[in-house]
Amino acid sequence: MMYDAAFEKDACGMGFIAQKDGRYSRELVQNALTMLERMNHRGGTGAEPDTGDGAGILMAMPDPFFQQRAKEAEIPLPEKGAYAVGMFFLPKEKLRAAQVQEEVTKDIQQMGFTVLWQRDVPYDYYQCGPGAQKVMPSFVQVFIEKPVDVAAGRPFEDQLYRLRRKLEKTYHTDELSICSLSSKTVVYKGMLHAYQVGLFFKDLQSPEMTSSIALTHSRFSTNTFPSWSRAQPFRFLAHNGEINTLRGAENWMHGHQIEVYDDENSDSAKLENCMEYLYRQGRDIPQALLMMVPEAWSKEAGLTPELTAFNEYNASFMAPWDGPAALCFTDGDLVGAALDRNGLRPSRYSITKAGFVIVASESGVVDLPASEVIEKGVLGPANMFLVDTQKGMILRNQEIKAHYANAHPYQEWLADHLLTPELLPDAERQEETADDAIQTLWKRNGYTDEIIRTLILPMAQTGEEPVISMGFDSPLAILSERPQSLFTYFKQQFAQVTNPPIDAIREKLVIGTELFLGRDGDVSKDIRINCNKLKIASPVLKTSEYEKIKQLDQNGQKAVLQSILYDYVPENGAALQQALEALFKETEQKIDSGATIVILSDREVIQPQEGKVAIPILLAVSGLHNYLVRKGKRSLASIVADTAEVCEVHHYAMLVGYGASGVHPYGAYQTLAHFELSEKIESYRKACEKGIVKIMSRMGISTIAGYHGAQLFEAVGISEKVISEYFTGTVTRIGGLSLAQIEQEYLTRYEAAYGEKRVDYLDSGGSFQYKADGEHHLFNPKTIYGFQKAVRTGSYALYKEYAAEMNQDALENPTTLRSMWTFANTRRSIPLAEVEPVETIVKRFKVGAMSYGSLSEEAHRCIAEGMNAIGAKSNSGEGGENRNRFKPVNGINYNSRIKQVASGRFGVNAEYLMSADELQIKMAQGAKPGEGGNCQATKSSRGSLRFVAQHLVSD
């Protein structure tokens, strides 16, 4: 029930081999198959060792092979370029396959094409596993003649594209899957291991099978399950990596009415989908990929002014496909490779005297005598490498990008059309909330004394998000007895092992915080109007910036204010839904009338007035965002939130993640002013911005533009109906609150602000720290006292009392989902004699990782001693371990059998590693990349400080 295939991740193997001068050879195809076979270990497999996740080869049209086979079949085949080959997967069942083939042929002819020949592709059924055999399609190649009134090359390819899309819309993928349909390329692929491709497809064994380009891919199935059609390469490219910003990129496509071929496709297929749209509009593949997977272009990047302008122009209207990406691509003439801005996937190349160019995920994929190799290299972050087989040229990163950067006067376009807040006229500041009304503002927006004093004020004073605790033992929002903010029902998603987080401090060069507000132009063309935008340096707006934006009406940019307040009618259970519907329609009308920036505000023109309730700002932003996506109007306007509800970093990240381009937290700013910290507002704003960067970097995302609209959250306790309508695409695995119930949560705020208790002190809170009148905590003074008493006295009876009390409390006041679960007794009991003895079971136990320093020295040693005594494993944590513990002392073993390795940490040396039975590589230590575990000074003991000093000197 809790499983979701969307959480699967990957790391594949891929590459290409090309003959620089375009010469065809059998040697090239054989080398490509060798390359594929040697990257077999990069492909995935399930329980069946013979069934792979997918592998394949994309080649420049092997015309000599097809001419020979046509001659044997007595079929007159035109010259290369005058015919196309469709590689089709049809149903496995012979009768149905024949029916579909006949229907497809008729459809092709009705589209004005002539079918010259249809050929069953020979294969060896036994060269793949039982799982692949079970779902195996049949394989047919359809040869189509070029119409006489259509020119060879790209015009013919564009006609074939329209034919392909017509067929794909007509037939379900179970009946027809088009691997390739081109006059320039052909694809052989399947649900195979890499080494099986050449064995399975008999065509690839033929001496006449020659080519000048071969692109290969070995798939490790990730965000989609393996299938024959999902194997790569696709029609143009192969991808190793993950698109972390997929949802945002898809919404960008929907907003621009760009067709998504198949919503169930993998992120790699959708990447090619978007790339093909840009390609079919007249751009070539390298330019399309430079637009979609941009390099870092900040001042620190040191790019030329022309290249900086090219990247900024594209960023003003393109949604970045951010995440680890190594790409190989070809159109049959041009073949190349590219890396994402972080360079988190390997891509190595070799060039030989004979003109072979090999690019692959690894070295050694093809045996090349050292005397034949004239150049070796590694692609760096955001590098691109091209081979033009028509011109016999190898093109390097700088000349490729210089070519595109100088194709249009991007600098001039930006100078004429791109606005910044600094260029806008000054505006009058809105009157702030009076001191006597600040309590009402706090209560209306769910502030507590804890939020103000533990979060807002410290963030302003230090410029950092505070470290509050090593854990969180308050109830999940859905289990809490107290009213909750809608934000608390969502949990952030994090990067997986194959998709490392970014160190936002050490890798600051690739981090981008700018966003572009306004209406997109015609993204199908490179025209000056596309950059007619307002550029902001950060989504967290200063008040001066917000006031300027609010009055913006120039250069085709127009901002409008849209209130999200509605009448307080507690007996109307549908009031919130009606308010949302009215909000969407009113906003759509304003956009249709020319608005390019919509400001959603939860305050009245002067002050919040009694009798009005605000739509939760997250619901308003996400609901409007997804409404406009469905209407195909999302690209017509940007959303800015003017809100008092937002005050925590999680709030800002969620608003940006669900579509807000700017956030003006007037409530937090006015709170700081109330505490005479107006001069610290910028420090607070910076802390919020840094917090967003920290969160997105955990997902391996480099730019806030990429994080914008990516919806990288999971709902815990929100109904499927609410999610599908207002948070479309978000995962919700347990269901929960309806819209009416969400409204009730917020109406309690209204009652606190205007009801009988309006004069009471602000709620203490107690979510982060235990308060007698606050939120329930799993560990509270009573339970902690019971535990400490049991440990200090060594009384097992007291420990059992403590455990019984904890178990009873979990039933009466559940704080976790685990507390709600019971075992379903649906199976026959197993005799105890057949159960593994406890002495054996405990040897597989592993203690959670807690750093030396986060625990006391005595506690850390005690855990290791206890686990070693029963044959289990303790964990050193990320902070290393004193070498005196590696070997038993007086017969007592204090060594942690699991050792962690974390980037930039002291204490990791050969002796440390050799003392371990198991190693763990920590991707995001303390969940805060680049910052370590945030161990506070108050937790440091003399022993830990001595240990740190020792290793700082020795290392």
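As a starting point, this report considers the structure included with it. (Residues numbered from 1 in each chain as written. Predicted model: local features only at pLDDT ≥ 70, side-chain atom pairs only at ≥ 80, totals over all residues. Heavy atoms only, no water.)

With respect to the packing of aromatic side chains
Threshold: Under the pairing criterion, centres of Phe, Tyr and Trp rings, with the six-membered ring standing for Trp, must be within 6.5 Å; the plane angle then separates stacked pairs below 30 degrees from edge-to-face pairs above 60, leaving the rest tilted. Whether a charge sits over a ring comes down to the Lys NZ or Arg CZ being within 6 Å of the ring centre and within 35 degrees of the ring normal.
As enumerated under the stated definition, the model contains 37 aromatic pairs in all. Clustering of aromatic rings is evident, with ring pairs tying together F89, Y123, F139, Y188, F200, F201 and W228. A cation sits over an aromatic face here: K899 above Y912, 5.8 Å from the ring centre.

A word on the pattern of salt bridges
Rule in force here: A pair is scored as a salt bridge if a Lys or Arg side-chain nitrogen falls within 4 Å of a carboxyl oxygen belonging to Asp or Glu. Secondary structure elements are defined from DSSP: runs of H or I of at least 4 residues count as helices, runs of E of at least 2 residues count as strands, and each element is numbered from the N terminus. Residue burial is assigned from relative accessible area. The probe radius is 1.4 Å, only protein chains are included, and a residue is buried under 20% of its type maximum, exposed over 50%, and partly exposed in between.
Enumeration according to the criterion identifies 51 salt bridges in this entry. For R280, the salt bridge identified is with D158, shortest N-O distance 3.1 Å. Residue R280 is located in helix 8 (residues 267–280), and its partner D158 is located in helix 5 (residues 154–170); the two are separated by 122 residues in the primary sequence. Notably, a salt bridge pairs E725 with R630, separated by 3.4 Å at the nearest N-O pair. One end of the pair, E725, is in helix 22 (residues 720–726); the other, R630, is in helix 17 (residues 617–631), and 95 residues separate them in sequence. In this structure E725 comes out as partly exposed when scored by relative accessible area, which is 36%. Residue class for R630 comes out partly exposed when judged on its relative accessible area of 44%. Linked by salt bridges that have partners in common, D158, R164, R165, E168, K169, R235, E259, E276 and R280 make up one network.

As for the sheet that holds strand 11 (residues 334–339)
How we decide: DSSP calls a pair of strands paired once it identifies at least 2 bridges connecting them. Only the contacting stretch of a helix is used when fitting its axis, a line to C-alpha atoms as for every element, and angles between N-to-C directions run 0 to 180 degrees. When checking whether two residues touch, look at their non-hydrogen atoms; a contact exists if any pair is within 4.5 Å.
Read from one edge of the open sheet, five strands run 9-10-11-15-16, paired in antiparallel fashion. Each having just a single partner strand, strand 9 (237–241) and strand 16 (393–395) make up the two edges of the open sheet. Taken pair by pair, the neighbouring strands of this sheet meet at an average axis angle of 10°, ignoring direction. As paired strands, strand 10 (residues 325–330) and strand 11 are joined by five bridges and run antiparallel to one another. Its bridge partner being in strand 11, A326 is matched across the sheet by L339. The strands touched by helix 8 are strand 9 and strand 10; relative to strand 9, the strand with the most contacts, the crossing angle is about 135°. Against the sheet, helix 9 (residues 285–292) makes contact with strand 9, strand 10, strand 11 and strand 15 (384–388), and its axis sits at roughly 160° relative to strand 10, the strand it touches most.

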